[in-house]
Structures are given as structure tokens and as C-alpha cells.
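Structure at a glance
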Amino acid sequence: TMVTSETALLGATEFTLGLSFLFQNIILMRFYEAGSRISRALSVLKMRDSDHADSHTEFVITDAGVELRDVLTGLTGVLGFTTLTTDRESGPTP
């Protein structure tokens, strides 16, 4: 059984994990903006009884299906409204 929940297209994503005990797996797919480019990110928030990647991964939808790209590094706030780049020396910058 698959259950989907649509959130707002743009802006802060409000989702609750209050019902997560009902589900074996929770996957978040959302838009993010970085470098004046709008892209898609995929994150596995929960995968019961399995070790899983805890990173955000860029993905694209092609004629052949979903294609996973690079793991997103140097970004913070992908789950929220604003995506910030991180500079290890000075910290997050808008």
C-alpha cells in the first residue's frame, strides 16, 4: 500500500511525522533552489529495519523515468523554506 501527501509547492514544508509509526518507509521529494536554479531533492526520512542514506539527493524526471544524480553537499535548509550554502570557515550564508 502506498500513501502520498502533497504539501505546498513553494515555501516552508509543513509535514508531521506524528503518524510515522504506521509506515515502514517515508520518502520526501521536494523542490529546492540553489545557485538561481530550481531542482528536485529526494530524502529517505525513515526506512524501518534497514540502514539508509541520510543525505539529500538530487533527482530528475526523464522520459526513461526517475534518475538519481549527485548527493547534495554544501547545502543546509533543504527541508525548510530557504536553502543556504555553507562555507566551512564562516558558516551558513544566504
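Quick look at the environment of Met29
Within the element layout of this structure, Met29 appears in strand 1 (residues 25–34). A relative accessible area of 48% places Met29 in the partly exposed class. Setting aside its immediate chain neighbours within four residues, Met29 contacts Ala41, Leu42 and Phe59.

Topic: the confidence of the model for the protein chain
For the protein chain, the mean per-residue pLDDT works out to 74, and 68% of the residues sit at or above 70. Highest mean pLDDT in the protein chain belongs to strand 4 (residues 65–71) (93); lowest belongs to strand 7 (residues 91–93) (46). Low confidence marks residues 88–93, where pLDDT is under 50. Its contacts with residues over four positions away, or in another chain, come to eight contacts.

Points about the pairing of strand 2 (residues 37–47)
Direction of pairing for strand 1 relative to strand 2: antiparallel, over a ladder of ten bridges. Counterpart to Met29 in the pairing with strand 2 is Leu42. The loop that links strand 1 with its antiparallel partner strand 2 comprises two residues; one of these, Gly35, has a positive phi angle of about 60°. Both strand 2 and strand 3 (residues 56–62) contribute to a ladder of four bridges, which runs antiparallel. Residue pairing across strands places Ser43 opposite His56, the latter belonging to strand 3.

A short note on a nonpolar patch on the surface
Together, Val3, Leu19, Phe21, Leu22 and Phe23 make up a nonpolar patch on the protein surface, roughly 520 Å² of accessible area in all. Structurally, Leu19 is set in the segment before strand 1.

Procedures and definitions
Residues numbered from 1 in each chain as written. Predicted model: local features only at pLDDT ≥ 70, side-chain atom pairs only at ≥ 80, totals over all residues. Heavy atoms only, no water. Helix = DSSP H or I, 4+ residues; strand = E, 2+ residues; numbered from the N terminus. Buried < 20%, exposed > 50% of the residue type's maximum accessible area, 1.4 Å probe, protein only. Contact = heavy atoms within 4.5 Å. pLDDT = per-residue confidence, 0-100. Pairing = 2+ DSSP bridges. Patch = residues over 30% accessible without salt bridge, like charges linked within 9 Å, V, L, I, M, F, W, Y side chains within 5 Å. Areas by Shrake-Rupley, 256 points an atom, 1.4 Å probe, with all protein chains shown as cover. Salt bridge = Lys/Arg side-chain N within 4 Å of Asp/Glu carboxyl O.

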